[in-house]
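# Report on the structure
Spelled out from the first residue to the last, the chains are:
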Amino acid sequence: MLDNTTRSNNLPAAPGVGYKPQHFEQILDNAHPVSWLEIHAENYMGDGGRPLAQLRHLSEQFPISVHGVGLSIGGEGPLDPDHLARLKQLIGWLNPASFSEHLAWSTHDSHFLNDLLPLPYTDATLTRICEHIDLVQDTVGRQMLLENPSSYLAFEESTWSEPDFLREIARRTGCGMLLDVNNVFVSATNLDYSPQGYIDAYPLEKVGEIHLGGHDEDEDDHGHPLLIDSHGREVVDTVWALLDYVLDRSGPKPVLIEWDTDVPDWPILRAEADRAQAALDRVPA
Amino acid sequence: MSVSQTTFHAALLDPAAAIPEGLLDAAAQPAGRRFSVYRNNVAVSLTDAMHQAFPVITKLLGAQNMDGLAGIFLRKHPPSSPLMMFYGEEFPGFLAGMEQLSHLGYLSDVARLELALRQSYHAADKEAAPTDALAIPPEDIMRARLGFAPSMQVVRSDWPIFSIWRFNTEDGAPKPAAVAEDILITRPDYDPAPHLLPPGGAEWISGLQAGRTIGGAFEETAAQIPEFDLGATLALLLQGGAITSVTIERLAT
């Protein structure tokens, strides 16, 4: 459990985008309305070269959010001490405005699978994840935000709902929440529950950051809609509407646009950030 | 029915394996092809990573063949760390062991070159020695020892890997001839660039890396390769900012 001297997160309640190196010049030239940038931690764990030089440069002008995709918080085995040390080093020199990771696993038997894999929501998983988050927060010396996953299937053995599970993790570890609104919509569609009902049960008071991204549409064996979190296109209208639903209840929050595959030209990404700004503008501070 | 990560992991990497019991769809029926979303994510993301990591190999083999090869490789050698920037270290050895590719003997060395370029790209920054650091009397030059930038790499081959690399990355580059080529990679700013080393260049640099003086390494190299051109090799290192320190031991007086 964190004590109250631990550094917490302080991103502005404004639009941010996932940083892509091809946008470097244009971001420095005209970022408006983008006020902060998010990086994937693992891409900046080399020893030097252009990635670190660009990040140093950007961090002088923008608050940076460090978003880990490789820690495997939900792994059955212990966290990789080498990876923890790399994370500590990055967060140490960069002193980012925020640090977040996923409710997922990605490493097993020292094999990294490069995907965010699902977890059963059981007491055993809860205990293990809380131990891992305690270790992460102790190691990097600051609060972590935990992101809800996109789910394509459910575990028969689960005994907790996802919002309750996340709330209990926050209570036990003192971690904050990264609410991915697209993931809520994807999971709710895939598993037939109400996305608004999910938000109503979710610990909104712990949210330090919101994610938005695009998804693909597919079907399962029985013709049931199967949405796939792809981060490869615009955010759909129903997800923007769900963002409004969230912001009406949470107040203004930092809102990130994620676009990781088929990365568009900067003006298209900026237009998505404009839309996030408009959503924030209609909420009283 | 609980599903361990061992079970999940095994079924992920083996498309022929049964989907683990205990995974459900929205109607609490067996998850079926919903599980394939995870299988696809893993296979597609690692295959994409291989395409990005080995663009020249991909060009040489064709994208479709590369997909097939990556599919075998990623199951045999899944990443051993979340640092995807270094994924594929076993790929040169894997290519060398593929019997179907034995008629393309150079592939493995081209893959080593592409790995070395990526390692150079992510290597630590180190400032080059001042341009006049070697503007010293010739007898001092021969007594000097050199320190090299972490981004410097030497790739040796029995194949014309420099010519193959250029032919597949530069418009109008000449067709490769059947000769052995050694490559020096330097990174003047942030972009690693391969250069063809003159004969003996790789041996001489290796001597310097082992702590020999410029003169000592030269004598060893020239004994084997009389035509070794020290000036041309030194110029490549200097122009590429690969020399980071020059240390001259003073003779006792």
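Residues numbered from 1 in each chain as written. Chains lettered and ligands numbered in written order. Predicted model: local features only at pLDDT ≥ 70, side-chain atom pairs only at ≥ 80, totals over all residues.

### Things to note about the overall build of chain A
When you go through chain A residue by residue, the secondary structure sums to nine helices and 13 strands. Here the C-alpha atoms of chain A give a radius of gyration of 18 Å, agreeing with the 19 Å that 2.2 N^0.38 yields for 285 residues. If you line up chain A on its principal axes, its C-alpha atoms span 50 × 40 × 35 Å. Burial analysis of chain A (285 residues in total) assigns 50% to the buried set. In chain A, the proportion of contacts linking residues at least 24 apart, taken out of those at least 6 apart, comes to 77%. (Helix = DSSP H or I, 4+ residues; strand = E, 2+ residues; numbered from the N terminus. Rg over C-alpha atoms; globule rule 2.2 N^0.38 Å. Buried ≥ 20, exposed ≤ 12 C-beta atoms within 10 Å, placed from the backbone. Contact = placed C-beta atoms within 7 Å.)

### Brief notes about the packing of helix α6 (residues 107-122) of chain B against helix α8 (residues 161-169) of chain B
Residues and elements named next belong to chain B. Interhelical geometry of α6 versus α8 gives an angle of 70 degrees and a closest axis separation of 10 Å. As judged from the angle between their axes, α6 and α8 are roughly perpendicular. Two secondary-structure elements touch here, α6 through D109, V110 and L113 and α8 through I161, I164 and W165. Each residue belonging to the contact of α6 with α8 can be placed in one class, and the counts come to five nonpolar, no polar and one charged. (Axes fitted to C-alpha atoms, helices over the stretch in contact; angles between N-to-C directions. Parallel < 35°, antiparallel > 145°, perpendicular 65-115°, else oblique. Nonpolar A, V, L, I, M, F, W, Y, C, P; charged D, E, K, R; others polar.)

### Structural notes on the domain arrangement of chain B
Splitting chain B by domain gives domain 1 (1-104) and domain 2 (126-253). Each of domain 1 of chain B and domain 2 of chain B was reduced to a C-alpha centroid, and the two centroids are 39 Å apart. (Domains from an automatic or database assignment.)

### Section: the confidence of the model for chain B
Summing up the model confidence of chain B, the mean pLDDT is 95 and the portion of residues at 70 or higher is 99%. Scored as a complex, the prediction yields pTM 0.95 and ipTM 0.94. (pLDDT = per-residue confidence, 0-100.)

### Points about the interface of chain B and chain A
Across the boundary between the two partners, chain B contributes 41 residues, which contact 37 residues of chain A. Only α1 (5-13), β1 (23-24), α2 (34-53) and α6 of chain B provide two or more residues apiece to the side of chain B that touches chain A. As judged from the two bridges shared by strand β8 (residues 154-155) of chain A and β1(B), these two strands associate in the antiparallel manner. Across the sheet, the residue bridging to A:F155 is B:L23, located in β1(B). (Pairing = 2+ DSSP bridges.)

### Describing unusual backbone geometry
All names here are of chain A. Residue P33 is bonded to the preceding H32 through a cis peptide linkage, with omega at 5 degrees. Mapping P33 onto the fold places it in the loop between α1 (24-29) and β2 (36-40). Even without being glycine, N95 reaches a positive phi, approximately 45 degrees. Along the polypeptide, N95 turns up in the loop between α3 (81-94) and β4 (98-102). Its 11 C-beta neighbours within 10 Å are what place N95 among the exposed residues. Positioned with a positive phi, S110 is a non-glycine residue whose angle comes to about 65 degrees. Relative to the assigned elements, S110 resides in the loop between β5 (105-108) and β6 (111-117).

### Some details on the nonpolar core
Across soluble globular proteins, nonpolar side chains show a tendency to be buried alongside one another. Within the largest apolar cluster, 133 residues are counted, with the highest numbers of intra-cluster contacts made by A:L146, A:V181, A:L212 and B:V110. Two domains each donate at least three residues to this core, and these are domain 1 (1-104) and domain 2 (126-253) of chain B. Contact partners of B:V110, with chain neighbours within four places excluded, come to B:V56, B:I57, B:L60, B:I161, B:I164 and B:W165. (Core = buried A, V, L, I, M, F, W, Y, C linked by C-beta atoms within 7 Å.)

### What to know about the sheet that holds strand β3 (residues 153-155) of chain B
All names here are of chain B. Here we have three strands laid out as an open sheet, ordered β3-β4-β5, and antiparallel in their pairing. Of all strands in the sheet, those with a lone pairing partner are β3 and β5 (193-196), marking the two edges. With direction set aside, neighbouring strand axes in the sheet form an average angle of 25 degrees. Here strand β4 (residues 183-186) pairs with β5 via four bridges, running antiparallel. Bridging across to β5, I183 finds its partner in L196.

### Section: helix α8 (residues 237-250) of chain A
All names here are of chain A. Taking 1.5 Å as the rise per residue, α8 with 14 residues should run 20 Å; its terminal C-alpha atoms sit 20 Å apart, in good agreement. For α8, the complete set of buried residues consists of V239, L242, L243, V246 and L247. Along α8, the residues classed as buried sweep out an arc of 140 degrees about the axis, all on the same side. Away from the buried face of α8 by more than 90 degrees, exposed residues D237, T238 and D248 are located. (Expected span 1.5 Å × (residues − 1). Arc of directions from axis to C-beta.)

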